[in-house]
Amino acid sequence: MTYIVLFYTNSSALKFAKFIQRFNYPGELIPLPRKLTSSCGMGVKFDFTKSLTEIISEEIEKIYAVEGNQYQLVYRAKE
Amino acid sequence: MNGLYLDNAATSFPKAPGVAEAVAGFLTNIGCNINRGLYTASFDAANIVYETRERLCSLFNFPKPENVIFTKNITESLNVILKGLLKPGDHVIVSSMEHNAVMRPLASLAEKGVELSTVLCNNKGELPTGDLGLQIKSNTRAVIMTHASNVSGTIMPLEEVGQLCKEHNLFFIIDCAQTAGFLTIDFLALNADALAFTGHKGLLGPQGIGGFYLNDKLASLVEPLIEGGTGSASDSVLQPSYLPDRFEAGTLNLPGIYGLNASLKYLSAEGIPAIREKELSLVQRFIENVQTLPGIQLLGPDPKQDRTGIVSLNFLNHDNAEVSYQLFKDFGIMTRCGLHCAPAAHQTLGTFPQGTIRFSFSHFNTFQDVDYVINSLRSNY
């Protein structure tokens, strides 16, 4: 499954991009689609087959699953 | 540069190998901003900036890369921390060996009602830590201290100061302008809350890049001095509260950060202890020989005591400025004469207002360099 991860800060996105690189999960930093956020930040798009609970941290705001042109919200941090 | 440069305490030269190439490489091949446009070059630059924060974390044992804030130099860093934290009625303590980068912001804050106490050091620049404890009051908020004097090379007992601050719940803010890249500095072991550094001295990077680290507790209390665009949370007119964006409005000095990244790589490969050992061997040779020359007063710690790569001399039978000028004119030796932006330190050492001539070495210097200076002094003074 391909996911797009949104973070509270750009630093967290950079850190996460390094993390997926280290574990060889295919993916990269991307400019976030405008429909997902009104901020002009960066996110990480990556392929992942394991359970999302393995990567959830307090730095993650939202995770969308990418299905074709559609984005499905699969995780949102509690306020 | 023609001549023998011995003013490394002001700014280091030469820089680390690879620094000039890294700066030029950024300007030639990358050139774009970070956190704004979202294209490959921008991500590359963002990664280097983040990696530089990580390298600073390894160097100083800072726990969180995002709490590393870039500024143009340590003076700006100290201004942000001091002016952002201290309010009228707060009391702060410093040593009598501080640089004007600490004293001037505090003097201006004192006019606005911040109380300032100075712990008097002895005439070698050494801090009586016990006296520091006596200055603590109910409204004491912070201790701000240099890690080593830029005039005498005296190293401050920061472990003890940090312990005292911890016991009394005071913020401990360190100015490591003269020790970064020379002494092993462990932010956590020192019980520090903030540490200000500059890139262009012992860290061997370019001018125009410096920074500071502060822990989360202090970060929430320090008001930013500069606010503006961060490329994040752009739907709001309010400055983001998270780090580093809270303190990094406006475009960063990216050429400077690329240069600093290269110099940090070099420092990590060489190792701080090796650099220190080399520099101290030069300083020891210089001091041993200077002591055989008449009419020259050596300032600062006893020759056998620990110190940085700085030696301040006072020429008893000559005007220090004239000696410094002649050293350059006749021998090409570049030193720094005067008060070194630290009038309080010179008052403590007993060299105010005549000042001293400061010889500050780099580990790139050689024994031949030292001998050349000694021979020049011996034949003329």
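Residues numbered from 1 in each chain as written. Chains lettered and ligands numbered in written order. Predicted model: local features only at pLDDT ≥ 70, side-chain atom pairs only at ≥ 80, totals over all residues. Heavy atoms only, no water.

Colleague: How would you summarise the overall build of chain B if you had to cite specific residues and measurements?
Modeller: For chain B, the helix and strand inventory stands at 12 helices and 13 strands. Radius of gyration (C-alpha) of chain B: 21 Å, near the 21 Å computed for a compact globule of 381 residues. Across its three principal directions, the C-alpha atoms of chain B cover 70 × 55 × 30 Å. Buried residues in chain B amount to 57% of all 381 residues. Sequence separation of at least 24 residues holds for 70% of the intrachain contacts in chain B that already meet a minimum separation of 6. When the accessible area of chain B is evaluated, it comes to approximately 15,000 Å², of which 52% is carbon and sulfur surface. (Helix = DSSP H or I, 4+ residues; strand = E, 2+ residues; numbered from the N terminus. Rg over C-alpha atoms; globule rule 2.2 N^0.38 Å. Buried < 20%, exposed > 50% of the residue type's maximum accessible area, 1.4 Å probe, protein only. Contact = heavy atoms within 4.5 Å. Areas by Shrake-Rupley, 256 points an atom, 1.4 Å probe, with all protein chains shown as cover.)

Colleague: Any details on the packing of helix α2 (residues 40-60) of chain B against helix α8 (residues 254-270) of chain B? Residues and values, ideally.
Modeller: Residue and element names in this part refer to chain B. At their nearest, the axes of α2 and α8 sit 9 Å apart, and the two run at 45 degrees to each other. As far as their axial angle goes, α8 and α2 are oblique. As for the relative orientation of α2 and α8, their crossing is left-handed in sense. Seen from α2, the contacting residues are Asp44, Ala45, Ile48, Val49, Glu51, Thr52, Arg55, Leu56 and Leu59; seen from α8, they are Leu254, Ile257, Tyr258, Leu260, Asn261, Leu264 and Lys265. Across the contact of α2 with α8, the residue classes tally to 10 nonpolar, two polar and four charged. (Axes fitted to C-alpha atoms, helices over the stretch in contact; angles between N-to-C directions. Parallel < 35°, antiparallel > 145°, perpendicular 65-115°, else oblique. Left-handed = near helix turned anticlockwise from the far one by under 90°. Nonpolar A, V, L, I, M, F, W, Y, C, P; charged D, E, K, R; others polar.)

Colleague: Report on the nonpolar core, specifying residues and quantitative values.
Modeller: Counting 84 residues, the largest nonpolar core has Phe46(A), Leu56(B) and Phe60(B) as the members making the most contacts within it. If you tally residues by element for this core, the top one is α2(B), at nine residues. Apart from residues no more than four positions distant in its own chain, Phe60(B) is found in contact with Cys176(B), Ala180(B), Ile185(B), Asp186(B), Phe187(B), Leu195(B) and Phe197(B). Ile74(B), Ile81(B), Met103(B) and Val114(B) belong to the second-largest nonpolar core, a separate cluster that totals 30 residues. (Core = buried A, V, L, I, M, F, W, Y, C linked by side-chain atoms within 4.5 Å.)

Colleague: Pulling in residues and values, what's your account of the interface of chain A and chain B?
Modeller: The interface is formed by 16 residues belonging to chain A together with 17 residues belonging to chain B. The interface formed by chain A and chain B contains two salt bridges. Residues Glu66(B) and Lys15(A) are paired through a salt bridge, measuring 3.3 Å at the closest nitrogen-oxygen approach. Elements with a minimum of two residues in the side of chain A that touches chain B: α1 (10-22) and β2 (27-31) of chain A. The element contributing the most residues to the side of chain A that touches chain B is α1(A), with five residues. The class makeup of the residues in the side of chain A that touches chain B is seven nonpolar, six polar and three charged. (Salt bridge = Lys/Arg side-chain N within 4 Å of Asp/Glu carboxyl O.)

Colleague: Got a sec to walk through helix α12 (residues 367-380) of chain B? Specific residues and values, please.
Modeller: Between its first and last C-alpha atoms α12(B) spans 20 Å; for 14 residues at 1.5 Å apiece the expected length is 20 Å, and the two agree. Turning to α12(B), the residues buried within the fold contact β1 (4-5), α9 (272-290), β10 (310-315), α10 (320-331), β11 (333-334) and β13 (356-360) of chain B. (Expected span 1.5 Å × (residues − 1).)

Colleague: Give me the confidence of the model for chain B: which residues, what numbers.
Modeller: Residues of chain B with pLDDT of at least 70 account for 99%, and the chain-wide mean is 96. Two numbers describe this predicted complex: its pTM, 0.94, and its ipTM, 0.80. (pLDDT = per-residue confidence, 0-100.)

Colleague: Residue-level account of the sheet that holds strand β4 (residues 60-67) of chain A, with values.
Modeller: The strand order across the open sheet formed by five strands is β2-β3-β1-β4-β5 (chain A), and the pairing between neighbours is antiparallel. Bordering the open sheet on either side are β2 and β5 (70-76) of chain A, each of which pairs with just one other strand. Sheet twist, expressed as the mean angle between neighbouring strand axes with direction ignored, is 30 degrees. Bridging between strand β1 (residues 2-7) of chain A and strand β3 (residues 42-47) of chain A involves four bridges; their strand directions are antiparallel. Looking at β3(A), one finds that Val5(A) is bridged to Val44(A). Along the sheet, α1(A) makes contact with β1, β2 and β3 of chain A, crossing β3(A) at roughly 20 degrees. Packing against the sheet, α2(B) makes contact with β2 and β3 of chain A, and its axis sits at approximately 110 degrees to β2(A). (Pairing = 2+ DSSP bridges.)

Colleague: So what's going on with the packing of helix α1 (residues 19-30) of chain B against α8(B)? Residues and values would help.
Modeller: Residue and element names in this part refer to chain B. Their axes nearest at 7 Å, the elements α1 and α8 cross at an angle of 140 degrees. Relative to α8, the element α1 lies oblique. The two elements α1 and α8 meet at a crossing, and its hand is right-handed. Contacts from Val19, Ala22, Val23, Phe26, Leu27 and Ile30 of α1 reach α8 at Leu254, Pro255, Tyr258, Gly259, Ala262 and Ser263. Class assignment of the residues belonging to the contact of α1 with α8 gives a composition of 10 nonpolar, two polar and no charged.

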